[in-house]
Amino acid sequence: MNRWHLLPKVDLHVHLDGSLRPDTAMAIAAAEGIELPVRDEAGLIPYMQVDDDCRSLPEYLSKFDFTTRFMQSGAALERVAYETLAQAASHNCRYIEVRFAPQLHRSRGLQSDEAIHHVIAGMKRAEQEFDIVGRVIAICMRHHEQQANLDVIEAAAKFEGKGLVAVDLAGDEASFPPELFREVFALAHKRSLPVTIHAGEAAGAQNVYEAVKNLGASRIGHGVRLRENPAILQMILDQQIPLEMCPVSNIQTKAVADWDVYPIREYFEKGLLVTLNTDNPSVSGTDITREYRIVSERFDFTDSELAAIVRNGVNAAFLEDSAKKALKQRVEQDLAALGIQ
């Protein structure tokens, strides 16, 4: 067991439909009569996971057209949510926020609020069995009509404080810039829902500005292109807006051209609130331990610096005060037991 595995961790940016395991897809297919293109788990992997030849975010996102086919029933959503937390807990992840787009799981009749209910139920079951706390983030999709996204906000509001902690905007960022969604997120603020926005991933720093200034984001998903505009970077630093960085997927989607120019060390040293996350464990072939190992090995992060990133994640969590206090205490106990300041 390596030192990165032993580290207590949080994962603030995990997509449910990017966490479906091949064996689970096969089991759901058998139970629900879904036709498969192959007969074994290994054969499913190319349909569900990107390889090193992935050329763009849209190509990366195409994998979700396949994975969501298996996540159209309450039972399937509960199972995948449960397994997502179980997998994270096996890597000493103490807290996880699992995000998903309810509108992508309605082809068999589920309503958005029913989909959210089932995901929360699966996560609560996992919390009872594993040493982990989980919460849900509901996603609005960039390519969806405004009314569909407004419906997601209303459905999410029913579960605020009952397992759901925020709403998000995801999808093809380059084709659908954040200014198109001001009305949707105005409703989120009216419903007192915290907001995180995918921005600065497949498009430039201006999208980060728009996400914070006009959509009211208090966290940014990815933000790797923030450095393209020093003034906007300084704004994010001044306002202490956390960045949900996902190194493995950021390389795969070509949000960043290569590891040599990945900005996490630069951002960390400037004082930005960097957090480390998996994004899509199954689609990217990653886990939270691997993310910490890669950052440590490629960018010479010390154990104390990795602990600072963990603490950033704890502080950035969309978690109610009492639960956040308990999480902070637990993480500090874990770090002390490892002799890490």
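Going by the structure above, here's the rest.
Small disclaimer: the values here were computed from a predicted structure and weren't measured.

Participant: Help me understand the side chain of Ser 296, please; the structure alone is not making it clear to me.
Facilitator: Relative to the helices and strands, Ser 296 is located in helix α15 (residues 288–299). Side-chain polar atoms of Ser 296 contact the backbone oxygen of Phe 301, separated by 3.3 Å. Apart from residues lying up to four places away in sequence, Ser 296 is in contact with Arg 3, Trp 4, Phe 301 and Leu 306.

Participant: I'm lost on the layout of surface pockets in this one. Help?
Facilitator: The rolling of a water-molecule-sized probe over the atoms marks out the regions of remaining empty space. Of the voids in this model, the largest pocket is the one considered here, and its volume is about 430 Å³. Around the largest pocket sit 26 residues that line it, and Leu 61, Phe 64, Leu 104, Met 141 and Gly 171 are the ones nearest its centre. For the lining of the largest pocket, the secondary-structure elements that each account for two or more residues are β1 (9–15), α4 (57–61), α5 (63–67) and β3 (133–141). Per-element accounting of the lining of the largest pocket gives the leading share, four residues, to α4. Looking at the lining of the largest pocket, its residues break down into 11 nonpolar, 10 polar and five charged. In this structure, the second largest pocket spans a volume of roughly 190 Å³. Asp 51, Asp 52, Cys 54, Val 248, Ile 251, Gln 252, Lys 254, Trp 259, Ser 284, Arg 290, Ile 294 and Arg 298 are the residues that line the second largest pocket.

Participant: Could you clarify how one ought to interpret the packing of α15 against helix α16 (residues 303–316) in this entry?
Facilitator: Closest axis-to-axis distance for the α15/α16 pair is 11 Å, and the angle between their directions is 135°. One finds that α15 runs oblique with respect to α16. In the packing of α15 onto α16, the handedness of the crossing is right-handed. Of α16, the residues touching α15 (which contributes Tyr 292, Val 295 and Ser 296) are Leu 306, Ile 309 and Val 310. Among the residues forming the contact of α15 with α16, the class breakdown is five nonpolar, one polar and no charged.

Participant: Which parts of the structure should I look at to understand the sheet that holds β1?
Facilitator: Two pairing modes exist for strands in a sheet, parallel and antiparallel, and in both the strands are linked by backbone hydrogen bonds. Taken in spatial order, the eight strands make up an open sheet running β1-β2-β3-β4-β5-β6-β7-β8, and their pairing is parallel. Each edge of the open sheet is held by one strand with a lone partner, namely β1 and β8 (274–276). Direction aside, neighbouring strands of the sheet carry axes that sit 25° apart on average. Where strand β2 (residues 93–100) lies against β3, six bridges are found, and the strand directions are parallel.

Participant: For this particular structure, what's the right way to read empty space enclosed by the protein?
Facilitator: Applying the stated criterion across every chain, the model contains two cavities of 30 Å³ or more. Of the voids in this model, the largest cavity is the one considered here, and its volume is about 40 Å³. For the largest cavity, the full set of lining residues is Ile 120, Met 123, Lys 124, Glu 127, Gly 134, Arg 135, Val 136 and Gly 163. Of all the secondary structure elements, the ones that give two or more residues to the lining of the largest cavity are α7 (112–129) and β3. Considering only enclosed or pocket space, the second largest cavity measures out at about 30 Å³ in volume. If you trace the second largest cavity, you find it lined by Asp 11, Val 14, Thr 84, Gln 87, Ala 88, Ile 96, Thr 278, Pro 281, Asp 287 and Ile 288. For the lining of the second largest cavity, the element with the most residues is helix α6 (residues 74–89), which contributes three residues.

About the criteria used
- Residues numbered from 1 in each chain as written.
- Predicted model: local features only at pLDDT ≥ 70, side-chain atom pairs only at ≥ 80, totals over all residues.
- Heavy atoms only, no water.
- Helix = DSSP H or I, 4+ residues; strand = E, 2+ residues; numbered from the N terminus.
- Polar contact = N/O pair within 3.5 Å; in protein donor to acceptor, adjacent residues only side chain to side chain.
- Contact = heavy atoms within 4.5 Å.
- 1 Å grid on protein atoms, 1.4 Å probe; cavity = no way out; pocket = protein on both sides within 12 Å on 5 of 7 lines; lining within 4 Å.
- Points joined across faces, edges and corners; volume = space filled by probe spheres on them.
- Nonpolar A, V, L, I, M, F, W, Y, C, P; charged D, E, K, R; others polar.
- Axes fitted to C-alpha atoms, helices over the stretch in contact; angles between N-to-C directions.
- Parallel < 35°, antiparallel > 145°, perpendicular 65-115°, else oblique.
- Left-handed = near helix turned anticlockwise from the far one by under 90°.
- Pairing = 2+ DSSP bridges.

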